[in-house]
Structure formats: C-alpha cells, structure tokens
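Fold and contact review
Read off the chains here:
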Amino acid sequence: MTLLAALALLSVVTAVTCSLPGVFLVVRRQSMLVEAMSHAVFPGIVIGALVSGSTRSPLMIVLATVLGLVIVVGADKARQSGLVTADASQGLIYPVLFAIGVALLSTQLSSVHISENAVLAGELNLLALPTERWIIGTTDLGPQAMWPLLLLLVIDALFITLTYRVLVVSAFDPNLARTMGLPTRTVNMALMVLVSLTVVVAFNTVGAILVVALMIVPPATGRLVTNRMGWLIFVSLAIASVTALLGLWVAYLGDLATAPMMAFTDGVVFLIVLLVTRLVASRRRALPA
Amino acid sequence: MAVLSIRDLTVAYQQQLALADACLDVEEGRIVALLGPNGAGKSTLLKASVGLLSTIRGEVTFFGRKLREVRQRVGYMSQAAEVDWDFPTTVRDVVMMGRYGRRGWLRRPGAADRQAVAEALDAVGISDLAGRQISQLSGGQKQRTFMARILAQDPELFLLDEPLAGVDVASQDAIMAILKGLRAEGKTIVLVHHDLSSVPDLADDVVLLREGRVVASGPVAETFTEDTVMQCYGFQGLKSRAAA
C-alpha cells in the first residue's frame, strides 16, 4: 500500500467515524459538548499513557472515556442544582480537567511520547507510515490506527440502527419519549459513551482539539442542505469523506499536517455551502414561482 | 372509578413551591380545563402527574393504577413551544412518533401504523401537509400536527398542555371540534387552557389554580363563577369571562 493510499484510508475512516455520532449532537444542539469532552478526556489520556507507556492501550481508552462522561453527568448535576445554566455547567468542569492533563503532560511526561503538537493536531501523517501498518503474512491491512476507528464505526452504526427511533424522539420531544416509556435515559447515556469513545479513539489521529471540527462541521453543513434526518446522516458521511480527501490533498500539496487541513476544509466547505444556500434562498424570494 | 386521581401532589423548583398539595379527580368522558394565571402550576400539574418532574410528595393513579402499568392508555402532549421545530423531520414523521409507544421502538412501522397516521392527519385536516418540513408550519399547523400525533397514539386519557396556544381561528375551531368528538367517543381530556371566553363552550369541568394551589374545581356551571375567577385571576379574568 502506498503512503498516499494509507493516508487517504486513515483520513476518510477518521472523518466518517467522527461525523456519525456528530449528527445526533448537532440535531440535539449539543455541539459544544464535544469541545468540553475533548478537553475533559485529556488527563485520562495522559494518565493512561503514564501507566501503560502508550497512547493506544485499552486502559487509557477506558480511563479517558470515563472522564469524558464526567462532563455529561457533572453538567447534568450542576444544571439540576439550578445554580448554573446549561452551558456554564460544562464550562465549570472541563477547564479543570484539561488543566490537570496539561500539568501532568508538562511535568511527568517529558520522557513519554506525547508532544503538545500531537495533542493539538494528532499524528495522522505519522500513523500512516509503513512502520505503523497492520500486516498479516504479506497482506498490508493499512494503518493500525485505522482499525479501532473502523470497529467504533461499526458499533456506532449498529447502535444507531437499533435505537434510531428512540434517538430521534428523545432528540425532538424528550417528554413524549419519556411518557411513552421509551428507554430514553439508557439510550442517551449509551450515545454519550460512544461520543466520548469517539473523542478518545480519534485522539491519536487528529488530537484533542480538532476532533470537535470533524464531529460537528460535516453534520452542520449537511443540515444546510437537507431537512430529513435519514438524509442528514447520509449527507454528513458523504461530506466528511469528501472533505477528508480534499484536506489530505491540500496537506499533500502544501507539505502540511493532514488533520488540521481536514478541519480547515470542513470549515471552508461549510462557508461555501452556507453562501450558496443563502444565495439560492434569496433568489427564490426575489423570483416567486 | 376516576380516570385520573391526584392526591397531595407537591412540586418545588429550587426553594420555590410550584404545586402545593394538589388534589384532583377526573371522571371518564369529561373535558377538564386547567385554568389560572401564568405560573399558577397548570403545566406543572400535568408534567408531575406523568412523572416528568420529580415530586416532593403525592400520589397519582390512572384508571386506579400506576402510570407504568397503563402507559398506552395515557397520552401526554407537550406545549408546542417546548420542542425544537427546526428539527430535521416532516409532519408525517412527527405523527408517526406517536406510534412508537404502542408497537415498540424496535419494530419498523408497518401498514397499520401508516394507516393510523394517515387517518390522524386527515382527522385534523392537514393531510396535504404530510411531507412538509416542520419548521415551515404556522402556529395552528404545529398544534394540529401535535393533535394528530396524540390521535395516532390513541390513548383513552388525553393530557394536553396548551393545545390552543398560538393558533388561528380556523385551527382553534378544528381542534375544539376534535376534542368534542373524542369526548363523544368516551375519551377523557385534561387540558391547560388560557382563553377563558371559550371555557363554557369547550369544558365540562374546570380546575382553577393560583400560586400552585387548587382554588376551586368542579363542573363549569357551578365552579366557573365570577367569584372563583376573581379569586384566581383578579379583575382581568373577570373581564375575559364576561366576554363569553
């Protein structure tokens, strides 16, 4: 497998895996939750790396995912207390956790292999190198880092297929879902676990900061062009794939890190689609059919 | 046996009592209007009775049973303002949501469900809007969509939070006709209501609330008097009532 092919595979799989749960966050108007989570999981990643010596150990994944859920549960409790309003409750918690992560990283981990750069932007390019492949016999199965993401994608897809109706009713009218006796709490919590897992597993490839762009921007772009939930999922995944490849191409031409260019392309595509849809809408108003 | 029986229901937000020892019995086949000024506890009463709010004390039974034993016989409709009308879905899909409790959320909707949805849309007169994105609906069309959804849900007891809020005259007439039609079928309706002038035409019984307490309840003829309305709303209410 050529380096470019491996890069393309890893980029597309990362983008698609991130944007699938992102669709539900966008329609639930919880986009900023990813921002909070991606900061909150950070100390978990650092401690996991300290204990196991690698940023890919199962221990690290579990620890970091649990810390991501601290945001969900903690923000819920803070909101119920009535002392702070919706977003502030997340804002209270994640800076503390992120600060602990940064402090640990800069004091304890100077020897271990996590750089500030990797935290910010991931190491997508390095993870596609021939030394990082999964090779069985003589078959090159692509970058090792791609496989956990692919597994997560399959789990997400199964979960969404199974609980689709509960997810949709809970997002649109939670009171109806609860009074009909749908398992909203369980399904919502499961979704949050998957979101947190996505943030953690995507950490290696895209870092803690860019993951929010990859999860939220493709569905947000999709929302501009479709008004149907089913289509939105499909369109978001398509946009994620295209922007991943475009971003990779820009990075390749400019000799830049891939993940930041993917996020950058997501932003540019969002702006273009926004402009075009606005223009079309104002044209329609100007020329009533 | 009362269709809905509420005893000493008490709810607080932070340190503030929103509902204090509310008691209520609703008989089968009646339209019951919950009345009272803003913040009187009308919506709180409905929400707490179906378990959407945590209560300090009190007991609520439906058909003499706990809600979870009779969920399919009870339908709750939120205020239209409480949901996100920008959600990417259509009128038809919203109405279909009413079916999920009945057939289970794991199963794909079948022909019977599509039939029920079509009938519900027809009953509220919005069959032509079935494929419409919900953000494009007027206030009256939103309430009709919600009415269609609870019709598709097909409960015996309808708990409706302000089904006539923000509607045009045509929609108000259509929804009131549906409510009366349901009563004729023996269904029971409890609704939060704001328009005092339409109370005598619509409701059989009224429950008047003020500051979280039930001030009066009973049949319209006996309970919806100048005295009770004055007690509940003050002079402003008296004027609205006189308009009836």
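The paragraphs below set out a description of the structure included in this document. (Residues numbered from 1 in each chain as written. Chains lettered and ligands numbered in written order. Predicted model: local features only at pLDDT ≥ 70, side-chain atom pairs only at ≥ 80, totals over all residues. Heavy atoms only, no water.)

1. A few points about the sheet that holds strand E6 (residues 157-160) of chain B
Residues and elements named next belong to chain B.
- With respect to topology, six strands assemble into an open sheet ordered E5-E6-E7-E3-E8-E9, the strand pairing being mixed. Every other strand in the sheet has two partners, leaving strand E5 (74-77) and strand E9 (213-219) as the edge strands with one partner each. Strand-to-strand twist in this sheet, taken as the mean axis angle between neighbours without regard to direction, amounts to 15°.
- Direction of pairing for strand E3 (residues 31-35) relative to strand E7 (residues 188-192): parallel, over a ladder of four bridges. Bridge pairing in E7 links Leu34 to Val192.
- Most of the contacts of helix H5 (residues 139-153) go to E5, to which it runs at about 165°, and overall it touches E5 and E6.
- Against the sheet, helix H9 (residues 226-233) touches E3, strand E8 (205-210) and E9, its axis set at about 30° to E8. (Pairing = 2+ DSSP bridges. Helix = DSSP H or I, 4+ residues; strand = E, 2+ residues; numbered from the N terminus. Axes fitted to C-alpha atoms, helices over the stretch in contact; angles between N-to-C directions. Contact = heavy atoms within 4.5 Å.)

2. What to know about the pairing of strand E1 (residues 4-13) of chain B
Residues and elements named next belong to chain B.
- Taken together, the seven bridges between E1 and strand E2 (residues 16-26) define a ladder with antiparallel strand orientation. Paired with Leu9 across the two strands is Ala22, which belongs to E2.
- Counted between consecutive antiparallel strands, the loop separating E1 from E2 contains two residues, among which Gln14 sits at a positive phi close to 50°.
- Relative to strand E4 (residues 57-62), E1 runs antiparallel, the two being bridged by five bridges. By the bridge assignment, Leu4 is partnered in E4 with Phe62.

3. Some thoughts on the sheet that holds E1 of chain B
All names here are of chain B.
- What the three strands build is an open sheet, ordered E2-E1-E4; its pairing is antiparallel. At either margin of the open sheet sits one strand with a lone partner, and together these are E2 and E4. Each strand axis lies, on average, 20° off the axis of its neighbour in the sheet, ignoring direction.

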